[in-house]
Amino acid sequence: MSTGEPGVILKDLAIVLRVAPVSNTSRMVQWYTQSHGKIATLIKGAQRPKSPFLGQFDLFYTCELLFYARERNHIHYARECAPLERRDRFRIDWRAAAAASYCADAVARLTLPDAPQPALYHLLTMTLNEFATAGAAEAVVYWFELKLLTALGVQPRLDSCLDCGAPLLPAARPPVFTLERGGLVCAACAARGAAGEPCAPEALAMLAGWQAAGSPRAARRTHCTLRQLSAMDTLLGRFLHTHLDQLLVSRAIALSLLRRPDAA
Ligand SMILES: [Zn+2]
């Protein structure tokens, strides 16, 4: 194939993760797609008044995207796109936009190009829909993080002891949490010298419940005190830092925006 040929044409559902200018009118768009994972497309002349792309994509939209696949440098060529879900709340609700930005940034940073992970597409869709319909919520951010860790295969093990394998029952003596090993050690093993730090039982119950919950609504409905949310923030923040290759700077920014009171 010569370099001038467009390549195979593909169709997919795609969420806009990032939009970057490459000239006054052209844009590089990073998408998370249902069937092709994270992809980047160049859209030439996207901002020209007569461009068929004008108004058809923006951050956090889900679009039907037609693109020419190019193998050489992971930058594909968009042919057309049409918005299916615009999620207009993100243009007027800055807290919701901050939460969405963090989740999109996490997916963008923690995935390889052109590596399909339909579970991640589904997770991002559910999370964006939740923020777009009901607004931002810290608990939903933590639910997303737990599900993201599961999708990436590094979820905290919260149901059984890492040493003896015994199930961890709520009525038993509290287990200890070991960050490096990514889970819990039962009180009996901890007493025999397994390293770990104490972890509040209600925080563990919340984490385990949200890890098992199929929808972000369960997290939103959980009654959490500010102290409990702060414990989640610390625990999950340290876990992400220990078990992921990327430092997610956007996390602290998003969480501080979520907690900022409204301007009077
Ligand atoms: Zn044990």
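Just so we're clear, the structure is a prediction, and the values are computed from it rather than from any experiment. (Residues numbered from 1 in each chain as written. Predicted model: local features only at pLDDT ≥ 70, side-chain atom pairs only at ≥ 80, totals over all residues. Heavy atoms only, no water.)

Participant: Even after reading the chapter, I still don't get the overall build of the chain, so can you show me in this structure?
Facilitator: Scanning the chain from N- to C-terminus turns up 9 helices and 8 strands. A burial count over the chain gives 46% of its 264 residues as buried. A sequence separation of at least 24 residues applies to 62% of the contacts in the chain between residues at least 6 apart. For the chain, the exposed area adds up to about 13300 Å²; of that, 56% sits on carbon and sulfur atoms. Of the side-chain charges in the chain, 29 are positive and 22 negative, and the distance between the mean point of each set is 3 Å. (Helix = DSSP H or I, 4+ residues; strand = E, 2+ residues; numbered from the N terminus. Buried < 20%, exposed > 50% of the residue type's maximum accessible area, 1.4 Å probe, protein only. Contact = heavy atoms within 4.5 Å. Areas by Shrake-Rupley, 256 points an atom, 1.4 Å probe, with all protein chains shown as cover. Lys, Arg positive; Asp, Glu negative; His and termini not counted. Charge placed at Lys NZ, Arg CZ, Asp CG, Glu CD.)

Participant: Would you take a moment to explain the state of the cysteines for this structure?
Facilitator: Two cysteines, two sulfur atoms, one covalent bond between them: this is a disulfide. One pass over the full model with this rule turns up 0 disulfides. Take C103: it sits in no disulfide, and the sulfur closest to it among the cysteines is that of C224, at 16 Å. Residue class for C103 comes out buried when judged on its relative accessible area of 0%. (Disulfide = S-S within 2.5 Å.)

Participant: I would appreciate a short explanation of the nonpolar core in the present structure.
Facilitator: It is characteristic of soluble globular proteins that their nonpolar side chains tend to be buried jointly. In terms of nonpolar packing, the biggest core is built from 58 residues, with F90 and W210 touching the most fellow members. Secondary structure elements with two or more residues in this core: strand 1 (8-21), helix 2 (94-110), helix 3 (118-134), helix 4 (138-151), helix 6 (201-212), helix 8 (226-243) and helix 9 (249-259). Ranked by residue count, the leading element in this core is helix 2, at 12 residues. Counting only domains with at least three residues in this core, you end up with domain 1 (1-86) and domain 2 (88-154 + 200-264). Apart from the residues lying within four places of it in its own chain, the contact partners of F90 are F60, A96, A97, A100, L128, F131 and A132. Of all hydrophobic cores here, the second largest spans 16 residues; its members include I39, A46, L65 and A78. (Core = buried A, V, L, I, M, F, W, Y, C linked by side-chain atoms within 4.5 Å. Domains from an automatic or database assignment.)

Participant: Just checking my understanding: could you explain the domain arrangement of the chain for this structure?
Facilitator: Size of an interface, as often reported, equals the accessible area lost when the parts are brought together. Its domain assignment divides the chain into domain 1 (1-86) and domain 2 (88-154 + 200-264). A C-alpha centroid distance of 26 Å is found between domain 1 and domain 2. Each side of the interface is counted separately: domain 1 has 23 residues, and domain 2 has 25 residues. Regarding the contact of domain 1 and domain 2, the summed buried area is about 1900 Å², with carbon and sulfur atoms giving 58% of it. Three residues, Y32, K38 and F60, lead the burial of domain 1 against domain 2; their summed loss comes to 39% of the area buried on that side. The interface formed by domain 1 and domain 2 contains 2 salt bridges. Linking D58 and R91 is a salt bridge whose minimum nitrogen-to-oxygen distance equals 3.5 Å. When residues of the side of domain 1 that touches domain 2 are traced back to their parent elements, those giving at least two are strand 1, strand 2 (27-33), strand 3 (37-43) and strand 5 (75-85). The element best represented in the side of domain 1 that touches domain 2 is strand 1, accounting for 5 residues. Class assignment of the residues belonging to the side of domain 1 that touches domain 2 gives a composition of 9 nonpolar, 9 polar and 5 charged. (Buried area = accessible area lost by both parts, 1.4 Å probe. Salt bridge = Lys/Arg side-chain N within 4 Å of Asp/Glu carboxyl O. Nonpolar A, V, L, I, M, F, W, Y, C, P; charged D, E, K, R; others polar.)

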